[in-house]
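Below are the chains, spelled out letter by letter.
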Amino acid sequence: MAKFHCSIVISLVLLQCLVALVASESFDFFYFVQQWPGSYCDTEQSCCYPTTGKPAEDFGIHGLWPNYNDGSYPSNCDSSSPFDPSEISDLERSMQKSWPTLACPSGDGQKFWSHEWEKHGTCSESNLDQHAYFKTALGLKQKANLLQALKSAGITPGGSYSLKSIKDAVTEAAGYTPWIQCNKDSSGNFQLYQIYLCVDTSGSKLIECPVFPKGQCSSEIEFPSF
Ligand code: 5GP
Ligand code: 5GP
């Protein structure tokens, strides 16, 4: 009888371990996405500078997005964990600099960050709490200095470049292949809009992307100034 009891307890413990394992490995990798402000703003839709002023001419963070290897992704995973600005008050200045909002009407960024946390961040909560999530993204931006990477290859804002030269420049500097996403300026020309890099589930190191998003660029694209 005691033996029987013991095996039930062991089974339950094993089951709990399995559930915990599945819950903590609920996605496969992150896309770390940075946007070029010049390309967000020169579209037909235009943009609004943040209430804190025009951001520097540099890539800004768009988001850190949990993803699955098959290309699909989880979203809005935990409505009981709303964005709480007080948890990241120590990061606010860095956030304003590195993660500025350009949507209209002008804002201080809280709305953008709240959207990103609630849609994407809550899906990585088992690995990163809110403070760790934002801090990790800020750290990744330091690690992957895209503007510096492009400038080192002679690719500067205000010109037109081959898609391949942009990809090669980032690969050379970051050590991993990026995904380049284009949008169109108000005249309909393809331009460099966002650069995706892939990151492991702990948010600590860049990896090769298991899968790339879909999208379209031309072989030669604009890199507008901002
Ligand atoms: P869009 O359709 O403009 O490319 O993407 C709209 C939004 O959907 C993105 O800002 C992001 O929140 C989400 N999204 C688009 N593609 C992906 C993807 O491949 N992975 C993840 N995790 N989110 C994505
Ligand atoms: P996602 O595309 O990540 O799902 O959602 C982006 C949301 O954040 C949209 O509702 C968009 O209006 C808002 N947003 C605020 N500021 C920005 C910004 O600077 N860039 C982008 N792409 N979206 C922003």
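Residues numbered from 1 in each chain as written. Chains lettered and ligands numbered in written order. Predicted model: local features only at pLDDT ≥ 70, side-chain atom pairs only at ≥ 80, totals over all residues. Heavy atoms only, no water.

**Brief notes about the nonpolar core**
1) Next: Of all hydrophobic cores here, the largest spans 41 residues; its most connected members are Phe59, Trp99, Phe134, Leu150, Leu192 and Phe223.
2) Next: Excluding its chain neighbours within four sequence positions, the residues that come into contact with Phe223 are Trp36, Phe59, Leu147, Leu150, Ile155, Thr156, Pro157, Gly158, Gly159, Tyr161 and Leu192.
3) Next: In terms of nonpolar packing, the next biggest core, distinct from the first, is built from 9 residues, Val33, Trp65, Trp179 and Cys198 among them. (Core = buried A, V, L, I, M, F, W, Y, C linked by side-chain atoms within 4.5 Å. Buried < 20%, exposed > 50% of the residue type's maximum accessible area, 1.4 Å probe, protein only. Contact = heavy atoms within 4.5 Å.)

**Focus: the side chain of Thr101**
1) Next: Within the fold, Thr101 resides in the loop between α3 (92–98) and α4 (110–119).
2) Next: On the accessibility criterion, Thr101 (9% relative accessible area) is buried.
3) Next: When neighbours within four sequence positions are excluded, Thr101 is seen to be in contact with Cys48, Tyr49, Pro50, Gly107, Asp108, Gly109 and Phe112. (Helix = DSSP H or I, 4+ residues; strand = E, 2+ residues; numbered from the N terminus.)

**Quick look at the site of ligand 2**
1) Next: Surveying the vicinity of ligand 2 reveals the residues Gln35, Tyr40, His62, Pro100, Thr101, Leu102, Ala103, Phe112, His115, Glu116, Lys119 and Tyr193.
2) Next: At 2.7 Å from an oxygen atom of ligand 2 is found a side-chain nitrogen or oxygen belonging to His115.
3) Next: Measuring from a nitrogen atom of ligand 2, one finds a side-chain N or O atom of Tyr193 at 3.4 Å.
4) Next: For ligand 2, whose accessible area on its own is 500 Å², the fraction buried by protein is 71%.
5) Next: Among the elements that line the shell around ligand 2, the one with the most residues is α4, at 4 residues.
6) Next: Looking at the shell around ligand 2, its residues break down into 6 nonpolar, 4 polar and 2 charged. (Near = heavy atom within 4 Å. Polar contact = N/O pair within 3.5 Å; in protein donor to acceptor, adjacent residues only side chain to side chain. Areas by Shrake-Rupley, 256 points an atom, 1.4 Å probe, with all protein chains shown as cover. Nonpolar A, V, L, I, M, F, W, Y, C, P; charged D, E, K, R; others polar.)

**Topic: the pattern of salt bridges**
1) Next: The final tally for this structure, using the stated rule, is 3 salt bridges.
2) Next: Close ionic contact of Asp168 with Lys164 constitutes a salt bridge, the shortest N to O distance being 2.6 Å. One end of the pair, Asp168, and the other, Lys164, are both in helix α7 (residues 163–174), 4 residues apart, so they sit about a helical turn from each other.
3) Next: Exposure remark for Asp168: the relative accessible area of 37% places this residue in the partly exposed category.
4) Next: In this structure Lys164 comes out as exposed when scored by relative accessible area, which is 56%. (Salt bridge = Lys/Arg side-chain N within 4 Å of Asp/Glu carboxyl O.)

**Points about the confidence of the model for the chain**
1) Next: A residue-level look at the chain finds 89% of positions with pLDDT of 70 or above and a mean pLDDT of 92.
2) Next: Predicted confidence is poor over residues 17–24, with pLDDT under 50, and the contacts of this stretch with residues over four places away or in other chains come to 3 contacts. (pLDDT = per-residue confidence, 0-100.)

**Concerning the site of ligand 1**
1) Next: Neighbouring residues of ligand 1: Tyr31, His62, Trp65, Pro66, Asn67, Tyr73, Lys119, His120 and Gln181.
2) Next: Between ligand 1 and Asn67, the relevant distance is 2.5 Å, taken from a nitrogen atom to a side-chain nitrogen or oxygen of the residue.
3) Next: Between His120 and ligand 1, the recorded distance is 2.6 Å, taken from a side-chain N or O atom to an oxygen atom.
4) Next: Against a free-state accessible area of 490 Å², the protein chains account for coverage of 65% of ligand 1.
5) Next: Tallying contributions element by element places strand β2 (residues 60–67) first for the shell around ligand 1, with 4 residues.
6) Next: Along the lines of polarity and charge, the residues of the shell around ligand 1 split into 4 nonpolar, 4 polar and 1 charged.

**A look at α4**
1) Next: Within α4, the full set of buried residues consists of Gln110, Phe112, Trp113, Ser114, Glu116 and Trp117.
2) Next: If you follow the buried residues of α4, they end up packed against β1 (29–35), β2, α3 and α5 (130–143).

**Focus on the pairing of strand β7 (residues 220–223)**
1) Next: Every second residue of β7 is oriented toward a common face, the buried set being Ile221 and Phe223 and the non-buried set Glu220 and Glu222.
2) Next: Two strands pair when backbone bridges link them, and strand β3 (residues 159–162) and β7 are joined in this way by 4 bridges, in the antiparallel orientation. The partner of Ser160 across the bridge, within β7, is Glu222. (Pairing = 2+ DSSP bridges.)

**Considerations on the packing of aromatic side chains**
1) Next: Within this structure, the stated rule accounts for 14 aromatic pairs.
2) Next: With a centroid separation of 5.9 Å and 70° between ring planes, the pair formed by Phe83 and Phe134 is classed as edge-to-face. Of this pair, Phe83 sits in the loop between β2 and α3 while Phe134 sits in helix α5; the two residues are 51 residues apart in sequence, bridging distant segments of the chain.
3) Next: What makes Phe83 buried here is its relative accessible area of 12%. (Phe/Tyr/Trp six-rings, centres within 6.5 Å; stacked < 30°, edge-to-face > 60°.)

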